[in-house]
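# Topology and contacts: notes
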Amino acid sequence: MEKGKGVMVGRRWAVDFSDNSAAPSSRDIPNPAGFTLAPQDQDESTLSRQKKDAEANWKAQKAWEVAQAPFKNLLMMGFMMWMAGSTVHLFSIGITFSALWQPISALQGLGKVFAPYKDNKVDLLGPKLVFTALNLVGLALGVWKLNTLGLLPTHASDWVSSLPPAQV
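Residues numbered from 1 in each chain as written. Predicted model: local features only at pLDDT ≥ 70, side-chain atom pairs only at ≥ 80, totals over all residues. Heavy atoms only, no water.

The protein chain has the name ER membrane protein complex subunit 4 in an unreviewed UniProt entry, where Escallonia herrerae is given as its organism. Its UniProt record, at the heading Sequence similarities (unreviewed entry), says of the protein chain: "Belongs to the EMC4 family." Recorded in UniProt for the protein chain, the comment headed Subcellular location (unreviewed entry) runs: "Endoplasmic reticulum membrane". (UniProt positions renumbered as here; feature names shortened; annotations may be inferred.)

Now the structure itself:
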């Protein structure tokens, strides 16, 4: 490059990007094997439909992730109940109450949990059924722990106070 040509005032280095050479340009090079240039003239309805389909697929995937989330809670609760033991004390009662309360509150908020994923193209019946089933298993785990602690009235002796006194 000649001094002063393509150089801005006050700069030491500059590059002239104008192509005045007779060499073949990069437009003359063929595309690599397997490469196809996407058509630039796709109508907006096709792009809009593809975008909506992609969004529906994303919503369906996220709905399944939300539906399977209670499984992690089941494992954690099961481990905590095992660590609490089978004796009645404050820690085991607190853990058991938590194991009963969490599935109940999750089932009450079922509509709110899946509201962001509601769409005409997304079927939420399967994820809602899985979510409900996993929370019912969590509720059963809490009831099992109550039985293990002896807090459920499952024997005849638990109902003695409601029997009339014996006539002699």
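### Brief notes about the UniProt feature "transmembrane region" (unreviewed entry) in the protein chain
The feature "transmembrane region" (unreviewed entry), as given by UniProt, occupies residues 79-104 and 124-144 in the numbering adopted here. Along residues 79-104, the helical share is 81% and the strand share 0%, with 20 Å between the first and last C-alpha atoms. Here residues 124-144 is 95% helix and 0% strand, with 30 Å between the C-alpha atoms at its ends. (Helix = DSSP H or I, 4+ residues; strand = E, 2+ residues; numbered from the N terminus.)

### With respect to empty space enclosed by the protein
Counted by the stated rule, this structure contains 1 cavity of 30 Å³ or more. Here the largest cavity is characterised by a volume of approximately 70 Å³. If you trace the largest cavity, you find it lined by Pro70, Asn73, Leu74, Met77, Ala99, Gln102, Pro103, Leu134, Asn135, Gly138 and Leu141. Those elements that provide at least two residues to the lining of the largest cavity are helix 1 (44-84), helix 2 (90-108) and helix 4 (125-149). Looking at the lining of the largest cavity residue by residue, the classes come out as 7 nonpolar, 4 polar and no charged. (1 Å grid on protein atoms, 1.4 Å probe; cavity = no way out; pocket = protein on both sides within 12 Å on 5 of 7 lines; lining within 4 Å. Points joined across faces, edges and corners; volume = space filled by probe spheres on them. Nonpolar A, V, L, I, M, F, W, Y, C, P; charged D, E, K, R; others polar.)

### Points about the packing of helix 2 against helix 4
At their nearest, the axes of helix 2 and helix 4 sit 9 Å apart, and the two run at 155 degrees to each other. Classified by the interaxial angle, the pair formed by helix 2 and helix 4 is roughly antiparallel. For the element pair helix 2 and helix 4, the recorded crossing hand is left-handed. For the pair helix 2 and helix 4, the contacting residues are Ser92, Thr96, Ala99, Leu100, Pro103, Ile104, Ala106 and Leu107 in the first and Phe131, Thr132, Asn135, Leu136, Gly138, Leu139, Gly142, Val143, Lys145, Leu146 and Leu149 in the second. Each residue belonging to the contact of helix 2 with helix 4 can be placed in one class, and the counts come to 12 nonpolar, 6 polar and 1 charged. (Axes fitted to C-alpha atoms, helices over the stretch in contact; angles between N-to-C directions. Parallel < 35°, antiparallel > 145°, perpendicular 65-115°, else oblique. Left-handed = near helix turned anticlockwise from the far one by under 90°. Contact = heavy atoms within 4.5 Å.)

### Observations regarding the nonpolar core
Listed in full, the 10 residues of the largest apolar core are Ala56, Ala63, Ala67, Ala106, Leu110, Phe114, Tyr117, Val122, Leu124 and Phe131. Counting residues per element, the ones that place at least two in this core are helix 1 and helix 3 (110-114). No other element matches the 3 residues that helix 1 contributes to this core. Ignoring sequence-local partners within four residues, the contact set of Ala63 consists of Phe114, Tyr117, Leu124 and Pro127. (Core = buried A, V, L, I, M, F, W, Y, C linked by side-chain atoms within 4.5 Å. Buried < 20%, exposed > 50% of the residue type's maximum accessible area, 1.4 Å probe, protein only.)

### Examining the side chain of Lys145
The topology assignment puts Lys145 in helix 4. We note that Lys145 is buried and unpaired, the nearest opposite charge coming from Asp158 at a distance of 17 Å. Once residues lying within four places of it in the same chain are set aside, the contact partners of Lys145 are Met81, Gly85, Ser86 and Thr96. (Lys, Arg positive; Asp, Glu negative; His and termini not counted. Salt bridge = Lys/Arg side-chain N within 4 Å of Asp/Glu carboxyl O.)

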